Amino acid sequence: MAKQGIKRRGQQQVEDVNGSSRPADLDVLQSLVTEMLLALGEKPGRNGLLKTPERVAKALAFMTQGYHRDIDHLLNGALFPIEYDEMVIVKDIDFFSMCEHHLLPFYGKVHVGYLPNKKVVGLSKIPRIVDTFARRLQVQERFTVQIAETLKTKLNAHGVGVVVEARHLCMMMRGVEKQNTIAVTSSMLGAFRSQPQTRLEFLKLIRRGSVGDSD
Ligand SMILES: [Zn+2]
């Protein structure tokens, strides 16, 4: 019975872009981790594992805190009216997420570009939007689209482009066991979808070496 309740709650949160105000239930998580250790043939009472259920529960709560972040609250006071209408790019944003199929990490970089429509967002807010969606159980494709659609909607931007490059531990440690494979996903909205030269400019700019690089 309890298991069903947990499953249903989890699914609801995953589908809800706006997240949930209900914090993770640390007590339930702890006892489930103890059960998991037993099911794996471990002895939860041995020294090294004594605090593991508590640590894992806290780590999981941290890594899924994005469910409880409110995008409007995050952007509050960070949208600025401006006449600038050239492309804005924030690239190489590090992220760490967890695949919802295996509960294993996937991690990498996000590149974001947008064409402003009379307003821009404070640059530091873009990595925070990325974290809001990364710190949930995710699939890379949905993660990519959620970032793009959120920026498009909240900024009313002429266009948004998002590219995500990631390594998936579920591919590296198990399954196909490919250690050097990088999965790339993209979402192009508005002008980034309809105008090839806008899309090309974005892709060219995110591929250029970083500031300080010799090339
Ligand atoms: Zn996976």
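Preceding block: the structure.
Notes on the structure in this doc start here. (Residues numbered from 1 in each chain as written. Predicted model: local features only at pLDDT ≥ 70, side-chain atom pairs only at ≥ 80, totals over all residues. Heavy atoms only, no water.)

Strands sit in the order E5-E2-E3-E6-E7 across an open sheet of five strands; the sheet is mixed. Since the sheet does not close on itself, it has two edges, and those belong to strand E5 (137–138) and strand E7 (183–190), each with one partner. The pairing of strand E2 (residues 88–99) with strand E3 (residues 105–115) spans nine bridges and is antiparallel. Following the sheet pairing, Met98 is matched in E3 by Pro105. Sheet strands in contact with helix H5 (residues 125–134) are E2, E3 and E5, and its direction is about 20° off that of E2. Each of E2, E3, E5, strand E6 (159–168) and E7 is contacted by helix H6 (residues 140–155), which is oriented at about 25° to E7, the strand it contacts most. (Pairing = 2+ DSSP bridges. Helix = DSSP H or I, 4+ residues; strand = E, 2+ residues; numbered from the N terminus. Contact = heavy atoms within 4.5 Å. Axes fitted to C-alpha atoms, helices over the stretch in contact; angles between N-to-C directions.)

If you walk through the whole model with that rule in mind, you get five aromatic pairs. A centroid spacing of 4.8 Å and a plane angle of 45° characterise the contact between Phe95 and Phe143, whose relative ring orientation is tilted. Highlighted residues: Phe95 in strand E2 and Phe143 in helix H6, separated in sequence by 48 residues. Residue Phe95 is classed as buried on the basis of its relative accessible area, which comes to 1%. When the ring of Phe192 is compared with that of Phe202, the centres are 5.4 Å apart and the planes differ by 75°; the resulting orientation is edge-to-face. Of this pair, Phe192 sits in helix H8 (residues 191–194) while Phe202 sits in helix H9 (residues 196–207), and the two are 10 residues apart along the sequence. Of the residues examined, Phe202 reaches a relative accessible area of 0% and is grouped as buried. Three or more aromatic residues joined by ring pairs make a cluster, and in this case those are Phe95, Phe106 and Phe143. (Phe/Tyr/Trp six-rings, centres within 6.5 Å; stacked < 30°, edge-to-face > 60°. Buried < 20%, exposed > 50% of the residue type's maximum accessible area, 1.4 Å probe, protein only.)

Next up on the list: the coordination of the zinc ion. At this site the zinc ion is bound by Cys99 (SG), His102 (ND1) and Cys170 (SG), with donor distances of 2.2 to 2.3 Å. Each donor residue of the zinc ion lies on the same chain, and together they follow the pattern C-x2-H-x67-C. Note that His102 is positioned in the loop between E2 and E3 and Cys170 in helix H7 (residues 169–172), a separation of 68 residues in sequence. We classify His102 as partly exposed; its relative accessible area is 35%. By relative accessible area, which is 9% here, Cys170 ends up buried. (Donors = N, O, S within 2.8 Å, 3.2 Å for Na, K, Ca; no water.)

For soluble globular proteins, the rule of thumb is that nonpolar side chains tend to be buried together. The biggest cluster of nonpolar side chains holds 31 residues, and the ones touching the most others in it are Phe95, Val110, Tyr114, Phe143 and Ile147. Listing elements by their share of this core, those giving two or more residues are helix H4 (71–75), E2, E3, strand E4 (119–121), H5, H6 and E6. By size, the runner-up hydrophobic cluster in this structure holds nine residues, among which are Val163, Ala191, Phe202 and Ile206. (Core = buried A, V, L, I, M, F, W, Y, C linked by side-chain atoms within 4.5 Å.)

This brings us to the environment of Asp70. Structurally, Asp70 is set in the loop between helix H3 (52–63) and H4. The exposure class of Asp70 is partly exposed, given its relative accessible area of 41%. Placed 59 residues apart in sequence, Asp70 and Ile129 show a C-alpha to C-alpha distance of 9.6 Å. Reaching out from Asp70, the side chain makes a polar contact with the backbone nitrogen of Asp72 at a distance of 3.2 Å. (Polar contact = N/O pair within 3.5 Å; in protein donor to acceptor, adjacent residues only side chain to side chain.)

Taken by themselves, the reported measurements are silent on function.
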